[in-house]
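# A structural walkthrough
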Amino acid sequence: MVQPVVPISPLGGTLHLRTRLKHLALTASAFAVVTATLPGAAAADSGGRGHHPSDRGLSAVIRYTEYGIPHIVAKDYANLGFGTGWAQAADQICVLADGFLTVNGERSRYFGPDAAPDGSLSSAATNLSSDLYFRGVRDAGTVEALVATPAPAGPSRDLKELMRGWAAGYNAWLRKNRVTDPACAKADWVRPVSALDVARRGFAVSVLGGQGRAVDGITAARPPAAPTGLGAGTAGQAPAARAGAEGQSPVQRAAAEEQTPAQRAGVSGQLPDPEKAAEAAREFFAAENATMGSNAVAFSGAATANGRGLLLGNPHYPWQGGRRFWQSQQTIPGELNVSGASLLGTTVVNIGFNDKVAWSHTVATGVPLNLHQLALAPGDPTSYLVDGRPERMTPRQVTVPVKGGAPVTRTQWWTRYGPVVGGLGAQLPLPWTASTAYALNDPNASNLRGSDTALGFGRARSTGDIAEALRRTQGLPWVNTVAADSAGHSYFSQAQVLPRITDELAARCSTPLGRATYPASGVAVLDGSRSDCALGSDPDAVQPGVFGPARMPVLRDTPYVANSNDSAWLTNADRPLTGYERIFGTTATQRSLRTRGGVEDVAAMAARGDLTVADLQRQQFANRAPAGDLAAADAARACGTALPDDPEACRVIGAWDRTVDTDSRGALLFDRFWRRFTAAVPSAQQWTVPFSAADPVRTPNTLNTAAPGFTKALAEAVAELRSAGIPLDAPLGAHQFVVRNGERIPVSGGTEALGIWNKTEPVWNPAGGGYTEVAHGTSHVQAVGWDGGRCPVARTLLSYSQSSNPVSPHFSDQTRLYAGERWVTSRFCEKDILRSPALRVVVARG
């Protein structure tokens, strides 16, 4: 049901709510009035398996302003979590419920084993693979153990209270409201959750870059059939190895029965080719192939009009599913007051600002996993040798209920290093042979601290406090941090939880495969048969086997710090960062066009100086296409020779304004050509002037129109548009749009390959009119500064809007703003919240 406007005082009435609100004092006493009716948190179940947290006594005040943005006020963390869970459920119940099915391993039960999950919480190709992994995590009690770990290695008490409250708020909303989203309106899989479910979702987010990227490889890994009798050379084996040769255990026999014929034939399989594996690993972790990325820039007071900092954050995330952002403000009077965006299902503001500091994240180049190549005990493919002594793998038998069929049981195999994995993606198989297997190490499988890092950011008063929160919690698994504050400081840190792979360790312990993959991609493959190849620990690290904060790339107080998903090297082009280990990323290597264009833009802005929030807003929608600046003129000149009978195509490319605004003519033709050209022509052959580390922003350049793929790419792009009935000079917005409730909404921006800051990765559907949906790209944008007053100067935009429910008034309202390049003026201070013409107040109670 729709929640009514309700009084915030036990003496008040709904008729005079607006009058009463306007007369509230605009100080901390106003918060006291708002929270006067909030009862204290009662004792509640912590959310063990099969139990749900009690919402008894929990409540929060939720003030909604324009575009459905909730401002949640509570007296403590449990109540704040309650209000956050309630408000997220109101906007995103179906997406959230779907994610809880995922982390509990129940997708096959409701949707069948062969269907594909939405991909937001792992890389699993099918529901069965997803369920086998997450049920394995659940059966092993992995998350329970992490929750029980004392801080700082484990989650803080405040975070546990947030999770407890979030689950209670979600359940209370579900109990008291009717689900109207047609995606799950009558679904029996929309059910109450526990605090442990919330923690499991946090775990899934933490391992997205490690185990989460290898789910299919973990669940499909099968040992080859062991020999049935003793062979030559077994007399000197250890007892465990002889036992493996003489006969198999029931678990081993079950594992052999699970194998396909090809896997059983793999006893004599070949090791991966190092050169091919190196290229596959590079492609696997390449930013241009990722479904998440970001831009962020912070300017110090040296570049701004008033000497205070500025921050522009522009994350590129999926537009559908469980990795969407959701906006809110969270307030505990005297303790926390932060505004920004949360990943769905998380209890905190992940990217945001307060009255003193603002921060954003970008997906980092650090590789949050490594492999250990195992030497298997002769005759026993489920035992491996360490310093010559065999160790048995630990089998985990996992059973998954399946819709319309019998439950499926599979065995996963775990080692001291982590799970045995049969590959990283389809392009990098890691065959389990009679002599060799590969185990995956993911240190973020021991990290449930990411939300504590975000809490530290929300409470920060300066970029120094941001750095301290990173040092104390060490919780960020796969992102960089860019921040600015009201005192005029800028800050960048690549503070990731990464395996402690030093270049020295990689040189000493890499297998032949690792000697190829580590330089190419940062993926280390270490010799698992040697104990002296263990990762070790840094003295300032909160968990073993990871880097401590002292080793992280950091840059402070330069006129700008910026990142667009390349390594930390060119965070500021005038102050290159070097000296970090290869696993963090590369130095002195070619940058992406988005990085190059971004550095050109922000360096010019910093040099011009006198910057304000309005300059950040202009940068977000400048929609300049660096690929067009570099290549369009060359393409137009060569076009007459390439397409002598088609002068129109040459004219359109030559006349294009080199932007991807919705009214840009020629942008679509160049886009379709450029995608084909860069896919067909190796990067080293695309330009005639090669990359130079001495001039990394301006090289490579000059389009190689003599490349064999140039003419073909241009001719195919022209033919493609004409066959779809799309004019070559059609404005981009006429054929790049999304449809919401029957309304066609044009979308500006462009692809990674073009180097666009305002990144849009749309879905090509020529029969439907061109690009008819967005897969991922610009999501939650914030432009933040300070003017010396008590309130930050902040403009925000959530490109896909707050709700996934087509019935909601906030299903596409901000999408229309995004199409018009308009912004939401943030209402952070009480006086601004209370003046909202859309103000609606809900007291959420258990």
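Our subject is the structure that appears above.
Everything numeric here is computed off the predicted structure, so don't read it as measured data. (Residues numbered from 1 in each chain as written. Predicted model: local features only at pLDDT ≥ 70, side-chain atom pairs only at ≥ 80, totals over all residues. Heavy atoms only, no water.)

Helix and strand content of the protein chain: 25 helices and 30 strands. Per-residue burial over the protein chain gives 61% buried out of 846 residues. Considering only residue pairs separated by 6 or more positions, the protein chain has 69% of its internal contacts joining residues 24 or more positions apart. By element, 54% of the accessible surface of the protein chain is carried by carbon and sulfur atoms, the whole surface being about 29900 Å². (Helix = DSSP H or I, 4+ residues; strand = E, 2+ residues; numbered from the N terminus. Buried < 20%, exposed > 50% of the residue type's maximum accessible area, 1.4 Å probe, protein only. Contact = heavy atoms within 4.5 Å. Areas by Shrake-Rupley, 256 points an atom, 1.4 Å probe, with all protein chains shown as cover.)

Right, let's talk about the packing of helix α20 (residues 626-642) against helix α22 (residues 667-680) for a bit. Across the interface, α20 lies against α22 with an axial gap of 12 Å and an inter-helix angle of 95°. With respect to their mutual orientation, α20 and α22 come out roughly perpendicular. Of α22, the residues touching α20 (which contributes Ala627, Gly628, Ala631, Ala632 and Ala635) are Phe670, Phe673 and Trp674. Split by residue class, the contact of α20 with α22 holds 7 nonpolar, 1 polar and no charged. (Axes fitted to C-alpha atoms, helices over the stretch in contact; angles between N-to-C directions. Parallel < 35°, antiparallel > 145°, perpendicular 65-115°, else oblique. Nonpolar A, V, L, I, M, F, W, Y, C, P; charged D, E, K, R; others polar.)

Glancing now at the environment of Glu391. Relative to the assigned elements, Glu391 resides in strand β11 (residues 389-392). When sequence neighbours within four positions are dropped, the list of residues in contact with Glu391 reads Thr382, Ser383, Tyr384, Val386 and Arg416. Engagement of the side chain of Glu391 in a polar contact is seen with the side chain of Arg416, the distance being 2.3 Å. (Polar contact = N/O pair within 3.5 Å; in protein donor to acceptor, adjacent residues only side chain to side chain.)

Let's shift gears to the pairing of strand β17 (residues 490-493). Residues of β17 alternate between two faces, with Ser490 and Phe492 on one and Tyr491 and Ser493 on the opposite face, all of them buried. Relative to β17, strand β16 (residues 479-485) runs antiparallel, the two sharing 4 bridges. From the neighbouring strand, Val482 faces β17, where its bridge partner is Phe492. Adjacent in sequence and paired antiparallel, β16 and β17 are bridged by 4 residues, among which Gly488 carries a positive phi angle near 100°. As judged from the 3 bridges shared by β17 and strand β19 (residues 554-556), these two strands associate in the antiparallel manner. Counted as the bridge partner of Phe492 is Leu555 from β19. (Pairing = 2+ DSSP bridges.)

Another aspect to go through is the packing of helix α7 (residues 157-176) against helix α8 (residues 195-206). Following both chains from N to C, one finds α7 and α8 inclined at 115°, their axes separated by 8 Å at the closest point. Judged on the interaxial angle alone, α8 and α7 are roughly perpendicular. Of the two possible hands of crossing, α7 and α8 adopt the one that is right-handed. On α8, the residues that touch Met163, Arg164, Trp166 and Ala167 of α7 are Ala195, Val198 and Ala199. (Left-handed = near helix turned anticlockwise from the far one by under 90°.)

Okay, the sheet that holds strand β14 (residues 418-419) next. With antiparallel pairing, the 3 strands of this open sheet are ordered in space as β12-β13-β14. Each having just a single partner strand, β12 (394-402) and β14 make up the two edges of the open sheet. Two strands pair when backbone bridges link them, and strand β13 (residues 405-415) and β14 are joined in this way by 2 bridges, in the antiparallel orientation. Across the sheet, the residue bridging to Trp414 is Pro419, located in β14. Contacts from helix α5 (residues 127-139) reach β12 and β13, with the element oriented near 125° to β12.

Right, let's get into the nonpolar core. Burial of nonpolar side chains together is a common tendency in soluble globular proteins. Ranked by size, the top nonpolar core spans 174 residues in total, and within it Ile93, Tyr170, Phe203, Phe299, Leu424, Ile466 and Ile501 carry the most contacts. Top contributing element to this core by residue count: helix α3 (residues 77-103), with 15 residues. Counting residues in each nonpolar core, the second largest holds 41 residues, with Ala632, Cys650, Ala707 and Tyr771 among its members. (Core = buried A, V, L, I, M, F, W, Y, C linked by side-chain atoms within 4.5 Å.)

Following the criterion strictly, the structure yields 28 aromatic pairs and no others. A ring pair is formed by Tyr133 and Phe134, whose centres lie 4.9 Å apart and whose planes are at 75°; its orientation type is edge-to-face. For Tyr133, a relative accessible area of 1% corresponds to the buried category. The interplanar angle of 70° and the centroid separation of 5.4 Å between the aromatic rings of Trp359 and Phe457 together place this pair among those described as edge-to-face. Of the two residues, Trp359 sits in strand β8 (residues 357-363) while Phe457 sits in helix α14 (residues 450-459), which places them 98 residues apart along the sequence. Since its relative accessible area comes to 0%, Phe457 is described here as buried. Within the aromatic cluster, the residues linked to one another by ring pairs are Trp656, Phe670, Phe673, Trp674, Phe677, Trp687 and Phe710. Here Arg744 stacks its cationic end above the ring of Phe737, 3.8 Å away from the centre of that ring. (Phe/Tyr/Trp six-rings, centres within 6.5 Å; stacked < 30°, edge-to-face > 60°. Lys NZ or Arg CZ within 6 Å of the ring centre and 35° of its normal.)

Pairing within the open sheet is mixed, and its 10 strands lie in the order β19-β17-β16-β8-β7-β6-β5-β2-β1-β30. Each having just a single partner strand, β19 and β30 (840-845) make up the two edges of the open sheet. Put simply, the sheet's adjacent strands are angled 20° from each other on average, direction ignored. Pairing between β8 and β16: 7 bridges, direction antiparallel. Bridge pairing links Trp359 to Ala483 in β16. Sheet contacts for α14: β6 (336-343), β8 and β16; angle to β6, the most-contacted strand, approximately 140°.

Looking at the secondary structure, you find Asn314 in strand β4 (residues 310-318). A distance of 2.9 Å separates polar atoms of two side chains, one belonging to Asn314 and the other to His316. With sequence-adjacent residues up to four places away left out, Asn314 is seen in contact with Ser294, Asn295, Ser360, Gln620, Trp757, Asn758, Thr778, His780 and Val781.

Throughout the structure, instances matching the rule amount to 43 salt bridges. Residues Arg107 and Asp98 are paired through a salt bridge, measuring 3.0 Å at the closest nitrogen-oxygen approach. Grouping residues by exposure puts Arg107 and Asp98 together as buried. Close ionic contact of Glu504 with Arg508 constitutes a salt bridge, the shortest N to O distance being 2.8 Å. Linking Glu504 with Arg508, this pair stays in helix α16 (residues 503-509), spanning 4 residues, or about one helical turn. Its relative accessible area of 35% is what places Arg508 among the partly exposed residues. (Salt bridge = Lys/Arg side-chain N within 4 Å of Asp/Glu carboxyl O.)

This paragraph deals with the state of the cysteines. Structurally, a disulfide amounts to a covalent bond that connects the sulfur atoms of two cysteines. Counted by the stated rule, this structure contains 4 disulfides. Note on cysteine connectivity: Cys509 is disulfide-linked to Cys533, with sulfurs 2.1 Å apart. Residues Cys509 and Cys533 are joined by a disulfide whose S-S torsion is about -85°; by sign, that bridge is left-handed. Here Cys533 lies in the loop between β18 (525-527) and β19 and Cys509 lies in helix α16, a separation of 24 residues in the sequence. The pair formed by Cys509 and Cys533 is uniform in burial state, with each residue classed as buried. In this model, Cys639 is linked to Cys650 through a disulfide, with the two sulfur atoms separated by 2.1 Å. Measuring the twist about the S-S bond at about -80°, one finds the Cys639-Cys650 disulfide to be left-handed. Of this pair, Cys639 sits in helix α20 while Cys650 sits in helix α21 (residues 647-655), placing them 11 residues apart in sequence. Looking at Cys639, the relative accessible area reads 0%, which means it is buried. By sequence order of its bonded cysteines, the protein chain has the disulfide arrangement 1-2, 3-4, 5-6, 7-8. (Disulfide = S-S within 2.5 Å.)

A word on unusual backbone geometry. Of the consecutive residues Ala151 and Pro152, the connecting peptide bond is found in the cis state with omega at 10°. Looking at the secondary structure, you find Pro152 in the loop between α6 (142-148) and α7. Going from Thr699 to Pro700, the amide bond is cis rather than trans, its omega being -5°. Relative to the helices and strands, Pro700 is located in the loop between β21 (687-689) and β22 (701-703). Located in the positive-phi region is Tyr67, a residue other than glycine, with phi close to 65°. A relative accessible area of 26% means that Tyr67 is categorised as partly exposed. In this model, Arg658 sits at a positive phi of 70°, which is unusual for a non-glycine residue. Inspection of the secondary structure puts Arg658 in the loop between α21 and α22.

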